[in-house]
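# Structural characterization, general
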Amino acid sequence: MKKTLCILILALMISTGAYAAVEPVITVNGIRGTVNLIGINGAVNPAVTVNIRVSPGEKEGADADCWLVGNAFGRWYYYTPDAQWTDIGETLDVAKLRPVYQGRLVTLPQTDILYIPQPAAGNYTLYFGIDLNMNGRLDADSLVFDVNKVNVMSVETVTNGYSGSFTAPSGDVYFIPSSVGDYSGSFRAPLYYDLPAPEERQEPAIRSINITDFIPLNNGYGIQVTGKGYKHTLRAVPLSDPENGQALSEIVLDDNPYSGAFANGNLIYLVFSVPETIESEFLFGMISPKEKNTKIQIIDFSMPQAPVIRGSIELVDHYSPANPARGVAPIINWGLMFQMNGSVLILPYAKGEVSQKTPSVDLMAIIRDAEQTFYNAEKGVKVLDFSDPDHPKEVSDLHLDVRGVSGYFMNDRTLYVSHSTNMEDTSGQRKVEYYLSRVDFSDPVKPLQSASVNIPAPCIGTDSSGTYAFTMEYGSKRFSSVKLAADKAYLTDEITFNDFVNGGIVSDGIVYLSGSGITIVDISSPEKLKPYEYQLNHGNASFIGAKNRKIFASIAVPDPDKPFENIYSGMACYDASNIESLSLNGFKAKFVYVTRRIVFSGDKAYMPMGYYGLWVKSLNN
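Before going further, it helps to spend a moment on the sheet that holds strand 1 (residues 23-28). Backbone hydrogen bonds are what pair the strands of a sheet, in a parallel or an antiparallel way. If you walk across this open sheet you meet the three strands as 1-3-8, and the pairing is antiparallel. The open sheet terminates on both sides in strands that have one partner only, identified here as strand 1 and strand 8 (108-116). Across the sheet, the axes of successive neighbouring strands diverge by a mean angle of 20°, strand direction being ignored. Pairing between strand 1 and strand 3 (residues 48-55): six bridges, direction antiparallel.

Tracing the backbone shows asparagine 266 in the loop between strand 18 (258-264) and strand 19 (267-273). At a separation of 3.1 Å, a polar atom in the side chain of asparagine 266 contacts the main-chain amide nitrogen of asparagine 219. Those residues in contact with asparagine 266 that sit more than four places away from it in its chain are Leu217, Asn218, Asn219, Ile299, Asp300, Phe301 and Ser302.

What follows covers the pairing of strand 6 (residues 85-89). Pairing between strand 5 (residues 75-79) and strand 6: four bridges, direction antiparallel. The partner of tyrosine 77 across the bridge, within strand 6, is aspartate 87.

The next thing to look at is the pattern of salt bridges. For the structure shown, the criterion picks out eight salt bridges. For the salt bridge of aspartate 397 with lysine 382, the shortest nitrogen-to-oxygen distance reads 2.8 Å. Residue aspartate 397 is located in strand 25 (residues 393-400), and its partner lysine 382 is located in strand 24 (residues 378-385); the two are separated by 15 residues in the primary sequence. On the accessibility criterion, aspartate 397 (39% relative accessible area) is partly exposed. For lysine 382, a relative accessible area of 7% puts it in the buried group.

All right, on to the sheet that holds strand 42 (residues 599-601) then. As summarised here, the arrangement of the three strands in space is 42-43-44, forming an open sheet in which the pairing is antiparallel. Strands at the two margins of the open sheet, each flanked by one partner only, are strand 42 and strand 44 (614-618). Averaged over all pairs of adjacent strands, the angle between their axes in this sheet comes to 20°, without regard to strand direction. The pairing of strand 43 (residues 604-608) with strand 44 spans five bridges and is antiparallel. Within the sheet, the bridge partner assigned to methionine 607 lies in strand 44 and is tryptophan 615.

It is worth spelling out the nonpolar core at this point. Among the nonpolar cores identified, the biggest contains 23 residues, and Ile26, Val28, Val50, Leu105, Phe128 and Ile130 are the most heavily contacted of them. Mapped onto this core, the elements with two or more residues apiece are strand 1, strand 3, strand 4 (63-72), strand 9 (122-131) and strand 10 (143-155). Counting 21 residues, the second largest nonpolar core, distinct from the first, contains Tyr512, Ala541, Ile551 and Ala553.

On average, residues of the protein chain score 75 in pLDDT, and 69% of them reach the 70 mark or higher. Counted against residues more than four places away or in other chains, residues 275-291, with its pLDDT under 50, gives 41 contacts. Confidence over residues 354-364 falls short of pLDDT 50; this stretch has 24 contacts with residues more than four positions distant or in other chains.

Rules used in this analysis
- Residues numbered from 1 in each chain as written.
- Predicted model: local features only at pLDDT ≥ 70, side-chain atom pairs only at ≥ 80, totals over all residues.
- Heavy atoms only, no water.
- Pairing = 2+ DSSP bridges.
- Helix = DSSP H or I, 4+ residues; strand = E, 2+ residues; numbered from the N terminus.
- Axes fitted to C-alpha atoms, helices over the stretch in contact; angles between N-to-C directions.
- Polar contact = N/O pair within 3.5 Å; in protein donor to acceptor, adjacent residues only side chain to side chain.
- Contact = heavy atoms within 4.5 Å.
- Salt bridge = Lys/Arg side-chain N within 4 Å of Asp/Glu carboxyl O.
- Buried < 20%, exposed > 50% of the residue type's maximum accessible area, 1.4 Å probe, protein only.
- Core = buried A, V, L, I, M, F, W, Y, C linked by side-chain atoms within 4.5 Å.
- pLDDT = per-residue confidence, 0-100.

Written out as structure tokens, the structure is:
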């Protein structure tokens, strides 16, 4: 059996690259790779939902055999078109396998194909593959496949506290509390929240200036950043009328492209990233720079009618945008900046060559190459001190001992780095292990990096104290909380949503998750999470920020009569003051332009909307 299995796996590995444009994907509970499911203190083991999706690429329309094969408790099975598992014994006899589907390849979105409400404890392996020779036989020379491993564990804990444990495939131990909160308080809202009726929607007026950013100051004024591409202008306007107010002064920016800005009283720190960029080589927002430089310029607006240019600092060979788009992988965000104590900027960075897009390479190959490039890039974090506005300086540069970064989060003086390690198991299959590292900037000159701790999935943020972290796989249904210790993370609670979730924002003692609807998780008691799920009948909401239990999201709704011609879009504000009754609190119509920038200042939120103006929304009502 082992010999046969090794031959099959070797054939699968060799042939995977032959038709790289075809991508079969199999996930369990929305998770790709290895999934650990735990039943605690005799509780029913968590349910299993198996999902598949297919991206046929250039082979769309080609005839193919599709295969779904599983191994459990020492026996092999294949899945049939009538949704049954057929046992073929302890030995993997390829000749006995039958395809689950035969026909033309089409794009298949993520689809649930199998639900197991109470799986028995044990280890399961699922293979989903496609070969392009439709003959009912598994042809290794044209086969591409994906693998998912499921470890179902029953854990008994005997005393209060963190006495129980389970060992992850990596060998690291997760400690589990004796009582994991039940979910009887979970609220599944059968409610839909619609946008204003079509007859109530008014097309916004197109203005003469394009507002791309807005920076409120402390002196009653704010700075409009207008323009596009490589031409931007700063306009000082009164906060009493930040959208249409008369500009007291204007500064045309010579350094471009503009990336973002930070305010410190009446000083602003302007960030310019990547002086020369190949504009045609944008791939899902990924920038392919010729030069990876970042410059930060200080401008003093204490007298808004007569601003003063102060000092600047330039970082050569480091690309660090101030405000990268939210909700995208870090292969796009080659850096991020955080402001600490007003005059200190924290700049995580990835130092390495960015892959260049070439017409001869298929799209999936470009994405995979970019992912690998970012994974291998040297990671670090710089600290810049602007306490002397005329002479800003770099005070430290710390090498980060991490690889694939999925996110950076700043909480007070601590930077959290969510990262992963790609590994191969004994069969040569890839698996991913997730970790969280912390860097203490109490002394910005001598930052201290703690040891990485193993976590169940990528981290999306922490609670206000930094004691608990929250993890979630992008596009999954599983959400976890862990308690952070010096060298370990303790799993404290885990919940499974009805629908898949994508991006998340932690704010106000709440986790806000976007996806097919809006999911809110009350984390006031991190060891007993309470989820509230809401559906939206206008499609998905893409979050850009949340504060004071106000959720701001960008939405786009195709016209049902002309879906490819008219796309109605807007900015929606949802009120979660009453967590059990989410409501639409405000809506600003716009067309095509989608903002990714939001600034919170005092009791207001400022959202630039390009040629459609600036939306200023109160956070109090």
